Amino acid sequence: MSFFKKINPKATSSASTGFGDNASNYGGRFLHKNGESNTYKTGLGILERYSWFHSMLKMKGRHFFLIVLGYYISANFVFASIYYLIGVEHLSGMETVTEGDKFAEAFFFSAQTFTTVGYGRISPTGILTSAIASFEALIGLLTFAVATGLMYGRFSKPTAYIRFSSNALIAPFQNGTALMIRLAPYKNTILSDAEAKLTVGMVIDDNGKMVNKFYPLSLELDKANTLNLSWTLVHKINEESPLFSLTENDLINGSGEIMVFMKAFDDMFSNTVMARTSYTFGEIIYGAKFTPMFYRDEKHNRTNLDLSKLDAIEKVNLTN
């Protein structure tokens, strides 16, 4: 692992980041690009380590639908097997001959019972079959109550609809250079009281021992009353910056990561929403600047924000 032998002595490190300082236990990066912690918990059973509720809320929509559909089919398959083993003669109204048709009828009867539809063509007879059908109806009601709650939770969960640029830049700024990261809201939401914080984590050689050091990066503008257009976070690289002495080769060969923490108030949710991401030093482009991504429309009465240009940059020469 590459590390830095020296750092700007004027930079003050922070010990309140929540990340460890032992670089030998460092797992590559502190945050994933989507903002989730790059941490895998062990030492407990999987049911204790994972919250199924949070997992169901966070997973992708197609995965959620497949799990619900898979559970629905599996549950009906189990109950259909029970009805079939008991004997389909205890399900009155069946008009089948082959064993396959009998199981199919049992499966669809289970689906009707599970969903409490109950068309009435097939009905249970006998104490055992009726008891199983009653139990299945209860399971179905509870299942759909949970599924409905999860579906509502997925739609109502406060989410920061903010996208970050794929790369951070070292760009010219005020007769010097600055670290720049661009972000933009991408939904028809209204975000206000936006606040951003940047932290850089680097592997430092501290008297022959590699340690993680974290430094807050001051921003030219760290708060915005409203977030309607794109926002470029600018950290001026001056004598106070921990990045002041770093060259392009240092960024390419060194081990470091820029972590971005963003929060804003969403009027629709009436709640504070948060977004996070990170950029390893290898994801920083040296000598580039962002090109504009919003412009006035043809009628001169509206501003258009072109989200496809979030990563649009152009190369520039840096002068020291």
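What counts and how
- Residues numbered from 1 in each chain as written.
- Predicted model: local features only at pLDDT ≥ 70, side-chain atom pairs only at ≥ 80, totals over all residues.
- Heavy atoms only, no water.
- Helix = DSSP H or I, 4+ residues; strand = E, 2+ residues; numbered from the N terminus.
- Buried < 20%, exposed > 50% of the residue type's maximum accessible area, 1.4 Å probe, protein only.
- Contact = heavy atoms within 4.5 Å.
- Areas by Shrake-Rupley, 256 points an atom, 1.4 Å probe, with all protein chains shown as cover.
- Pairing = 2+ DSSP bridges.
- Core = buried A, V, L, I, M, F, W, Y, C linked by side-chain atoms within 4.5 Å.
- Expected span 1.5 Å × (residues − 1).

Caption draft 1: Just the overall build of the protein, in detail. Helices and strands together make up the secondary structure of the protein, namely six helices and 16 strands. Counting all 320 residues of the protein, 38% fall into the buried class. Sequence separation of 24 or more characterises 70% of the internal contacts of the protein that already satisfy a separation of 6 or more. Of the roughly 19000 Å² of accessible surface on the protein, 56% is carried by carbon and sulfur atoms.

Caption draft 2: Seen up close, the pairing of strand S10 (residues 256–266). Counting buried residues along S10, eight of its 11 residues qualify, which places the element largely inside the surrounding structure. In this structure, S10 lies alongside strand S11 (residues 271–280), joined through 10 bridges in antiparallel fashion. The residue of S11 that forms the bridge with Asp266 is Asn271.

Caption draft 3: Summary view of the nonpolar core. Formed by 38 residues in total, the largest nonpolar core has its most connected members in Ile258 and Met262. Considering every element that reaches this core, the biggest residue donor is strand S6 (residues 191–206), with seven residues. Judged by nonpolar contacts, the second largest core, of 12 residues, contains Leu91, Ala106, Phe109 and Ile122.

Caption draft 4: Highlighting helix H4 (residues 99–114). Taking 1.5 Å of rise per residue, the 16 residues of H4 would be expected to cover 22 Å, and the 22 Å separating its terminal C-alpha atoms lies within 8% of that figure. Taken together, the buried positions of H4 are occupied by Glu105, Ala106, Phe107, Phe109, Ser110, Ala111, Gln112, Thr113 and Phe114. Buried residues in H4 make contact with helix H3 (61–86), strand S1 (91–92), strand S2 (123–124) and helix H5 (127–156). Downstream of H4 by one or two residues, Thr116 has phi in the positive range, about 60 degrees.

Caption draft 5: Fine view of the environment of Tyr72. Relative to the helices and strands, Tyr72 is located in helix H3. Taking the relative accessible area as the measure of exposure, Tyr72 reaches 26% and is therefore partly exposed. Remark: the alpha-carbon pair of Tyr72 and Phe114, spanning 42 residues in sequence, is separated by 8.8 Å. For Tyr72, the contacting residues outside a window of four places in its chain are Ala111, Phe114, Thr115 and Phe144.

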